[in-house]
Amino acid sequence: MNKLVKLFSLALAALWITQITAAEAASTTREPVIALQLNKAETTQNGCRVSLLVRNHLKDEIIQLALDLVVFDSTGGIADFLSMKTGRLPSGKTRVQQYDLPSSSCADISSLLINDVSQCEGAENVSPASCLDSLNVSSRAAIELTL
């Protein structure tokens, strides 16, 4: 009986160690991302001013990031096409930038679609395609931000 308890205890310990190792591996192998959050939207006399929070969690600096956006009105129709540039984003840097979406109040905008990354310059392995794949978007405003 003693041998059976020891074997059972060893099997449980091995299972526990395997689960911890797998959990640690999963937490350390997350893909690096460029986090983009629509943090605030407010109507101004020039239209809708949006505040975007951008965090570069990539290993490499981004010298220039340009996003092609599509603005959708409150009925879901396409209202406008825009391009936004963030400028230089060192690795680990968080930046807040404001953009004016012309001729629309915020109440008339249902969502912003990141249609493409038209420019993403940096290290050798940074490209528009890799930056698009690395985007992780969210919104704290009434306007939805999607890929």
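Next up on the list: the overall build of the protein. Along its length, the protein carries two helices and eight strands. Ordered by position from the N terminus, the helices and strands of the protein form the series α-β-β-β-β-β-β-α-β-β. When each of the 147 residues of the protein is scored for burial, the buried share is 33%. Pairs at least 24 apart in sequence give 66% of the contacts found in the protein among residues at least 6 apart. A total of about 9000 Å² of accessible surface is found on the protein, and carbon and sulfur atoms cover 54% of it.

Put simply, side chains in a regular strand alternate between the two faces of the sheet. Where strand 3 (residues 62-73) and strand 4 (residues 78-85) come together, seven bridges link them in antiparallel fashion. Looking across to strand 4, one finds that D68 is bridged to S83. Taking the residues between adjacent antiparallel strands as the criterion, strand 3 and strand 4 are bridged by four residues, where G76 takes a positive phi near 90 degrees.

Positionally, Q37 belongs in strand 1 (residues 34-44). For Q37, the side chain forms a polar contact with the side chain of N39, separated by 2.7 Å. For Q37, the contacting residues outside a window of four places in its chain are S51, L52, L53, S138, R140 and L145.

Before going further, it helps to spend a moment on the environment of L36. Residue placement: L36 occurs in strand 1. When the C-alpha positions of L36 and S138 are compared, they lie 6.5 Å apart, and in sequence the two are 102 residues distant.

Attention shifts here to the sheet that holds strand 2 (residues 47-56). As summarised here, the arrangement of the four strands in space is 5-2-1-7, forming an open sheet in which the pairing is mixed. Every interior strand has two partners, whereas the edge strands, strand 5 (94-102) and strand 7 (135-139), have only one. The mean inter-strand angle of the sheet, taken between neighbouring strand axes irrespective of direction, is 25 degrees. In this sheet, strand 2 lies alongside strand 1 in antiparallel orientation, the contact comprising ten bridges. By the bridge assignment for strand 2, L38 is matched with L52.

A few words on the sheet that holds strand 6 (residues 109-122). The strand order across the open sheet formed by four strands is 4-3-6-8, and the pairing between neighbours is mixed. In the strand order of this sheet, the two ends are held by strand 4 and strand 8 (144-146), each with one partner. Going from strand to strand, the sheet's axes swing by 25 degrees on average, the running direction of each strand aside.

The next thing to look at is the layout of surface pockets. When its volume is computed, the largest pocket comes out at roughly 160 Å³. Around the largest pocket sit E31, P32, L58, K59, D60, N125, V126, S130, C131 and S134, which together line it. The residue inventory of the lining of the largest pocket, partitioned by class, reads four nonpolar, three polar and three charged.

What follows is about the pairing of strand 6. The pairing of strand 3 with strand 6 spans eleven bridges and is antiparallel. Its bridge partner lying in strand 6, A66 is registered against Q119. Where strand 6 and strand 8 come together, three bridges link them in parallel fashion. Bridged to L112 within strand 8 is L145.

Conventions adopted
- Residues numbered from 1 in each chain as written.
- Predicted model: local features only at pLDDT ≥ 70, side-chain atom pairs only at ≥ 80, totals over all residues.
- Heavy atoms only, no water.
- Helix = DSSP H or I, 4+ residues; strand = E, 2+ residues; numbered from the N terminus.
- Buried < 20%, exposed > 50% of the residue type's maximum accessible area, 1.4 Å probe, protein only.
- Contact = heavy atoms within 4.5 Å.
- Areas by Shrake-Rupley, 256 points an atom, 1.4 Å probe, with all protein chains shown as cover.
- Pairing = 2+ DSSP bridges.
- Polar contact = N/O pair within 3.5 Å; in protein donor to acceptor, adjacent residues only side chain to side chain.
- Axes fitted to C-alpha atoms, helices over the stretch in contact; angles between N-to-C directions.
- 1 Å grid on protein atoms, 1.4 Å probe; cavity = no way out; pocket = protein on both sides within 12 Å on 5 of 7 lines; lining within 4 Å.
- Points joined across faces, edges and corners; volume = space filled by probe spheres on them.
- Nonpolar A, V, L, I, M, F, W, Y, C, P; charged D, E, K, R; others polar.

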